[in-house]
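Residue-level structural notes
Here's the letter readout for the chains.
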Amino acid sequence: MTLELFIQYFFAGITYGSIYAIVAIGFNIIYNTTGIINFAQGEFVMLGGMISISLLPIMPLPLAIAAAVALTMLYGALLEICFIRWLDNPGVLRMVIITIGLSILTREAALHVWDESIRSLPYFVGNEISTVNVLGARVSPQVFWVIGACGLMVAFLSIFFQGTSVGRQMRACAANRKAAVLCGINTRDMVTFSFVLSAGIGALAGCVMSPITSTAYDNGTGLAIKGFTVAILGGLGNSAAAVAAGLLLGIIEAFSVSVLPLAFQDAIAIAILLIILFVRPHGLFGSGTAAGLKEF
Amino acid sequence: MKACRMMMVVLALSLAAAPAVMAETLKVGAILAVTGPAAFLGGPESRTIEMLADEVNQAGGINGKQIELIIKDSGGSPEKAISFAKQLIEEEQVVAVIGPSTSGESMAVKKLFEESRTPLLSCAAAEVIVNPVAGFVFKTPQSDSFAVRRIFMTMQEMGISRIAVLAGNTGFGKAGKEQLQAIAPTMGIEIVEAEVYDKDANDLSAVVAKMKANPDVQAVVNWSIVPAQAIVAKNMRQAGWDVPLFQSHGFGNIKYVESAGVAAEGIIFPAGRLLVADKLPADHPQKQLLTKYKADYEGKFQEQASTFGGHAYDAFIILMKAIENGGTDQQSIRDEIEKIQGLPGTAGIFSFSATDHNGLDLESFEMVTVKNGAFVPYEKQ
């Protein structure tokens, strides 16, 4: 394999990988505060892309993206307040079924609003054919936007969870919900807030990736499966691990093309998910003892 | 109460009047995927034939008879298509059926129409619908093999002999890939790379890099009906790979061009002439029909006319022609369809025979390219 081809695969890999990582982080945020997997996470990504595309004709690109992120956050809050908040001590299974239902509901609503056609945002810099030359390989400038946005979000989240009061309250919820309540933390607000936060980062990911991958009403499902694989691969609840696992899966997928037929690309993600679930259910970077204490 | 009674009177009157009208009508059935995953086919198809039936009826009908159109929405499901086919044949006793929209449904109902001796005019593309020929089954879209041959002919003109093939993993993609592989050796083309991608694939830069690394590849053919058509184009041009990109007739939707932006420039693909109707020479036999259909459809439904609606258009006018020429029942309509020669439709000029129930040839496809974000006829450089 030439160096040029290697770099080409590598960049393709980290582009997918960053997107998977962001979806996985969205899973983790909600998992940490509620202990459940929100299967509507992929739909937040789709909504972010779709809303920004619809707003673009009436406002400049940065504003359209900001508005799309804000509206998706509002949607995340509404979902939580309408369907989850009022449940008294819901079981894991019930919550999971609810989020699957919400994902289908969102997807069907999107089909009615935007129909089945495929749209995309314009490239932030340059156009469809402009490229940056990296050691002989050619990479679209949008790839750097995706990687940059992903990196910024991870940095922002780690500062948020370590350094701010709200962030600490959310982590307290995750560590021990009863103790958090006793300390005067409103755990219900924290759950709502976790939906808002993961809707926001999902929507932003949806905007930066839209020029590369295009956006359609049913994009969310595929992303949710990949994101879920990555979250499990890294160890549920651990965002830094999700980034590592996301990049790993993306790179494996990209390089697999050189030895396996392209049609197997998606089978690889599912195969990895199964192997991890059998061999190391707490993930590559998770701790088995900690996972044993959790309900799900 | 009063309104209610009025309604009853009107209802009674219309019931009484119905038999008188019925005597003068000709029942035509249609089984189309108006909703569901194939709605992009069935939607334009049902709107087109409704529009045409209205037109015929307003002009006094055909041979003095009004057309009564009975459209059944199969949702793209072969099971539903079968039960609607039975209903139309046995209960409604229609003279002919237009549709189904998809190849799977058409194959599922083929035998039924053959046994009941009722003409079927399918709007689906698969070659197997009319090959081997079944006495009562016809189809209006061009066959995949015509598209493949037109592409290879263009390659021969350009001096291209070694190509890479990419295809989506849908029925359309698979059938296209098989045709490409079967026809290539007979036309002196060698396929040096072939890959199949998932229909939901949203980035193909890795596989494009792999193909680009093979210096033998002189051109790429992509065969799919999904968004990946635009993504292949973007990824190729981003990789700085400027070999010619050919697409299937599935690319004939301006939305894919919009989605690929400048990367779509120069893509070459075969298409029915509807896409380039306004750029055809004025004396072309399809020119007037195509521009009229486009203007009528777009004026009435506020959406772009598509080749799919065109397939139903063709089925309808073929049926009308057969009735006009003396077809009165199932058997005579079938016989008249086989006699039709040189009838211009949206897909091409139809000339049927006892052995050809598609009636089209290679000329039904025009090679089209993208120039400044619009479709224009491809001209040899």
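The shown structure was predicted, so the numbers you read here are calculated from the model rather than taken from an experiment. (Residues numbered from 1 in each chain as written. Chains lettered and ligands numbered in written order. Predicted model: local features only at pLDDT ≥ 70, side-chain atom pairs only at ≥ 80, totals over all residues. Heavy atoms only, no water.)

**What to know about the pairing of strand 8 (residues 219-223) of chain B**
Residues and elements named next belong to chain B. For clarity, the cut-off: In this scheme, a residue with accessible area under 20% of its type's maximum is buried, one over 50% is exposed, and one in between is partly exposed, where area comes from a 1.4 Å probe on protein chains only. By definition, any uninterrupted DSSP run of H or I lasting at least four residues is a helix, any uninterrupted run of E lasting at least two residues is a strand, and each is numbered from the N terminus. In short, DSSP must find at least two bridges between two strands for them to pair.
Here strand 8 lies mainly inside the structure; five of its five residues are buried. Of the two faces of strand 8, both are covered, the one formed by Ala219, Val221 and Trp223 as well as the one formed by Val220 and Asn222. Relative to strand 8, strand 6 (residues 162-168) runs parallel, the two sharing five bridges. Opposite Ala164, over in strand 8, you have Val220 as the bridge partner. Strand direction decides the pairing type here: strand 8 and strand 9 (residues 245-247), joined by three bridges, are parallel. Paired with Val220 across the two strands is Leu245, which belongs to strand 9.

**Things to note about a nonpolar patch on the surface**
What counts here: Note that patches include only residues with greater than 30% relative accessible area and no salt bridge, and the join distances are 9 Å for like charges and 5 Å for nonpolar side chains (Val, Leu, Ile, Met, Phe, Trp, Tyr). Here, Shrake-Rupley sampling with a 1.4 Å probe gives the accessible areas, and only protein chains in the shown set may cover a residue. Here, a salt bridge means any side-chain nitrogen of Lys or Arg that lies within 4 Å of a carboxyl oxygen of Asp or Glu.
The grouping of A:Ile225, A:Ile270, A:Leu274, A:Ile275, A:Leu277, A:Phe278 and A:Val279 at the surface amounts to a nonpolar patch, some 710 Å² of accessible area in total. With respect to the helices and strands, A:Phe278 occurs in helix 11 (residues 265-279).

**Observations regarding the sheet that holds strand 2 (residues 66-73) of chain B**
Residue and element names in this part refer to chain B. What counts is decided by this rule: For helices, the axis comes from a line fit to the C-alpha atoms of the stretch in contact; other axes are also lines fit to C-alpha atoms, and the angle between any two N-to-C directions lies between 0 and 180 degrees.
In space, the five strands of this open sheet follow the order 2-1-3-4-5, with parallel pairing throughout. Each of the sheet's edge strands pairs with one partner strand only, and the pair in question is strand 2 and strand 5 (137-139). Averaged over all pairs of adjacent strands, the angle between strand axes in this sheet comes to 25°, irrespective of strand direction. Relative to strand 5, strand 4 (residues 120-122) runs parallel, the two being bridged by three bridges. By the bridge assignment for strand 5, Ser122 is matched with Lys139.

**Considering the UniProt feature "transmembrane region" (unreviewed entry) in chain A**
Residue and element names in this part refer to chain A. So the rule is basically this: UniProt positions are given in the numbering used here, feature names are shortened, and annotations may be inferred rather than shown by experiment.
The positions UniProt marks with the feature "transmembrane region" (unreviewed entry) are residues 6-30, 42-59, 65-84, 91-114, 143-161, 191-212, 224-252 and 259-279. Span residues 143-161 is 100% helix and 0% strand, its end C-alpha atoms 27 Å apart. The distance separating the terminal C-alpha atoms of residues 191-212 is 32 Å; by composition the span is 100% helix and 0% strand.

**Side note on the domain arrangement of chain B**
Formally: Each domain span listed reflects an automatic or database assignment of domains.
With domains assigned, chain B is organised as domain 1 (2-142 + 290-350) and domain 2 (144-271 + 365-377). Using C-alpha coordinates to define each centre, domain 1 of chain B is positioned 33 Å away from domain 2 of chain B.

**A word on helix 1 (residues 3-34) of chain A**
Counted only if it meets this: Each helix should span, by expectation, one fewer than its residue count multiplied by 1.5 Å.
The terminal C-alpha atoms of helix 1 of chain A lie 45 Å apart, and with 32 residues this matches the ideal 46 Å at 1.5 Å per residue to within 8%. The buried fraction of helix 1 of chain A amounts to 27 of the 32 residues, a majority that puts the element mostly inside the structure.

**Some thoughts on the side chain of B:Ser364**
Residue and element names in this part refer to chain B. How we decide: Any N or O atom pair separated by 3.5 Å or less is treated as a polar contact, with the protein-specific requirement of one donor-capable and one acceptor-capable atom, and with residues adjacent in sequence counted only for side-chain atom pairs. Should any heavy atoms of two residues lie within 4.5 Å, those residues are counted as being in contact.
Position of Ser364 among the secondary structure elements: in the loop between strand 12 (349-350) and strand 13 (366-371). Overall, Ser364 belongs to the buried group, its relative accessible area being 2%. A polar contact of 2.6 Å, which involves the side chain of Ser364, links it to the backbone oxygen of Asp361. Apart from residues lying up to four places away in sequence, Ser364 is in contact with Gln142, Phe146, Ala271, Gly272, Arg273, Ala347 and Gly348.

**A short note on the interface of chain A and chain B**
Note the cut-off: When two components associate, each loses some accessible surface as probed by a 1.4 Å sphere; the sum of these losses over both components is called the buried area.
In this assembly, 29 residues from chain A lie in contact with 29 residues from chain B. Both faces combined, the contact of chain A with chain B buries some 2,300 Å², and carbon together with sulfur accounts for 58% of it. On the chain A side of the interface with chain B, the three residues burying the most area are A:Ile118, A:Glu128 and A:Leu262, jointly 25% of the side's total. In this assembly, chain A and chain B are joined by one salt bridge. With its nearest N and O atoms 3.9 Å apart, the salt bridge here joins A:Glu4 to B:Lys212. Taken together, chain A and chain B are joined by four residue pairs in polar contact (both at pLDDT 80 or more).

**Remarks on the pattern of salt bridges**
Residue and element names in this part refer to chain B. Here the structure, examined in full by the defined rule, presents 16 salt bridges over all chains. Between Glu55 and Lys292 there is a salt bridge, with its nearest N and O atoms 3.7 Å apart. Of this pair, Glu55 sits in helix 2 (residues 39-58) while Lys292 sits in helix 10 (residues 287-301), placing them 237 residues apart in sequence. The exposure class of Glu55 is partly exposed, given its relative accessible area of 35%. Given the relative accessible area of 44%, Lys292 is considered partly exposed. A single salt-bridge network, built from bridges that share partners, covers Glu55, Lys292 and Asp296.

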